[in-house]
Amino acid sequence: MSKLIFLDVDGTLVDYHNRIPESAVKAIRQARKNDHLVYVCTGRSKAEMQPELWEIGLDGMIGGNGSYVEHHGQVLMHQLISKEDAAKIVDWLTERHLAFYLESNNGLFASPDFRERARETLKTYAIQKGQSEESVAGKEPEDFLHGLQYGGELYRDDLNKVSFVLESYQDHLDSKEAFPQLEAHTWGGRGETALFGDLGVKDINKAHAIDVLLEHFGAERSETIAFGDAKIDIPMLEYCEVGVAMGNGGPEILAMADFVTDDVEADGLYKAFEKLGLLQ
């Protein structure tokens with residue numbers, strides 16, 4: 001029976017050096033030859049999907065942690081932060097002197113102070129994801145975030161979510177209090193250190209987006225398999241028939257997954273596809 005396969009990107013399909021393991025490419029292409037459908041299911045917006053990801057061969061994507069659903073170029077759902085809320089977020093972050101970038105399918109739009117303020121934070125993020133200090137030396141935020149640009153309009157009506165540099169964890173707690181109508185999370189490197197906060201559409205997650213896709217096909221949850229490495233992926237793994245955690249995952253997802261495969265950098269995706277019979 002054909003399966004619908006959902007892959008988180010960072011730490012699952014893409015390693016901590018932002019590379020796609022050749023074994024993962026081989027696994028996806030073979031699974032699709034065997035009539036399985038493969039989607040990325042990611043916090044990234046479409047603008048942040050580097051071309052190499054599409055070149056693998058994908059049936060579509062779930063982006064913005066579940067705010068956007070696309071199948072073979074057809075948009076099935078796209079829920080955006082309202083223009084009013086988006087403006088309030090920009091003003092709130094600006095007043096608190098918190099550097100940020102706005103995530104949309106049309107691009108990533110950074111605040112004027114983002115390059116200066118986020119430079120070291122993004123280096124820390126990359127190092128915690130496994131890169132060496134030497135490899136990140138001299139890099140700028142736009143080297144870490146595909147599609148990042150400066151000087152764009154910041155009052156927008158096309159936002160999936162907003163990420164901002166945390167000066168302290170209290171900034172995240174304050175964002176939850178200031179925007180109860182939105183979803184607030186944190187993200188960081190390996191171990192999910194809280195380096196950034198983000199705000200997105202309320203009650204949207206990867207599991208809800210998968211449900212939208214299944215409804216489009218008239219497919220059943222029994223046909224689904226999900227792969228992830230972080231807390232944000234847990235609803236997706238809980239929802240799908242089989243939930244696979246990468247060996248590099250955080251403790252929460254390792255504890256709840258149906259099984260744990262190897263690290264992303266140790267051919268974990270390929271080995272799991274093989275174990276699940278997707279390559280035969």
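Residues numbered from 1 in each chain as written. Predicted model: local features only at pLDDT ≥ 70, side-chain atom pairs only at ≥ 80, totals over all residues. Heavy atoms only, no water.

Peer 1: When you look at the domain arrangement of the chain in this model, what are you seeing that I'm missing?
Peer 2: How big an interface is tends to be stated in terms of accessible area lost as the parts join. Taken domain by domain, the chain comprises domain 1 (4-79 + 204-276) and domain 2 (83-200). Placing the centre of domain 1 and that of domain 2 at their C-alpha centroids yields a distance of 23 Å. Contacts between the two partners involve 24 residues from domain 1 and, on the opposite side, 18 residues from domain 2. Where domain 1 abuts domain 2, roughly 1800 Å² becomes buried across the two surfaces, and 47% of that area is made up of carbon and sulfur atoms. Among the residues of domain 1 in contact with domain 2, Tyr16, Ala47 and Glu48 are the three that bury the most area, contributing 34% of the side total. Counting every contact that joins domain 1 to domain 2 gives 0 salt bridges. Our count for the contact surface shared by domain 1 and domain 2 stands at 4 residue pairs in polar contact (both at pLDDT 80 or more). Broken down by class, the residue content of the side of domain 1 that touches domain 2 amounts to 7 nonpolar, 10 polar and 7 charged. (Domains from an automatic or database assignment. Contact = heavy atoms within 4.5 Å. Buried area = accessible area lost by both parts, 1.4 Å probe. Salt bridge = Lys/Arg side-chain N within 4 Å of Asp/Glu carboxyl O. Polar contact = N/O pair within 3.5 Å; in protein donor to acceptor, adjacent residues only side chain to side chain. Nonpolar A, V, L, I, M, F, W, Y, C, P; charged D, E, K, R; others polar.)

Peer 1: In this structure, what is going on with the pattern of salt bridges? I would like to understand it.
Peer 2: Side chains that differ in charge, positive against negative, can pair when their charged atoms come close. Counted by the stated rule, this structure contains 18 salt bridges. Across the salt bridge formed by Asp15 and Arg19, the nearest N and O atoms sit 3.1 Å from each other. Arg96 is the salt-bridge partner of Asp171, the closest N and O atoms lying 2.9 Å from each other. Note that Asp171 is positioned in helix α7 (residues 169-178) and Arg96 in the loop between α3 (83-95) and β6 (100-104), a separation of 75 residues in sequence. Asp171 sits in the buried class, given a relative accessible area of 7%. (Helix = DSSP H or I, 4+ residues; strand = E, 2+ residues; numbered from the N terminus. Buried < 20%, exposed > 50% of the residue type's maximum accessible area, 1.4 Å probe, protein only.)

Peer 1: Looking at this model, I keep getting lost on the sheet that holds strand β8 (residues 148-150). Mind explaining?
Peer 2: The strands making up a sheet are joined through hydrogen bonds of the backbone, oriented either antiparallel or parallel. The sheet built from 6 strands is open, its strands ordered β8-β7-β6-β9-β11-β10 with mixed pairing. Two strands bound the open sheet, and with one partner strand each, they are β8 and β10 (182-187). Taking the axes of each pair of neighbouring strands and ignoring which way they run, one obtains an average angle of 25° across the sheet. One ladder, built from 3 bridges, connects strand β7 (residues 107-110) with β8; its direction is parallel. Opposite Phe109, over in β8, you have Gln149 as the bridge partner. The strands touched by helix α4 (residues 114-128) within the sheet are β6, β7, β8, β9 (159-165), β10 and β11 (196-201), with β9 carrying the most contacts at an inclination of about 85°. Across the sheet, α7 lies against β9, β10 and β11, angled at about 170° from β10, the strand it touches most. (Pairing = 2+ DSSP bridges. Axes fitted to C-alpha atoms, helices over the stretch in contact; angles between N-to-C directions.)

Peer 1: Just to check I follow, could you spell out the side chain of Ser104 for this structure?
Peer 2: Secondary-structure assignment places Ser104 in strand β6. Taking relative accessible area as the criterion, Ser104 reaches 0% and is therefore assigned buried. There is a polar contact of 3.4 Å between the side chain of Ser104 and the side chain of Asp158. Among residues more than four places away in sequence, those in contact with Ser104 are Ser45, Ala47, Phe109, Asp158, Leu159 and Asn160.

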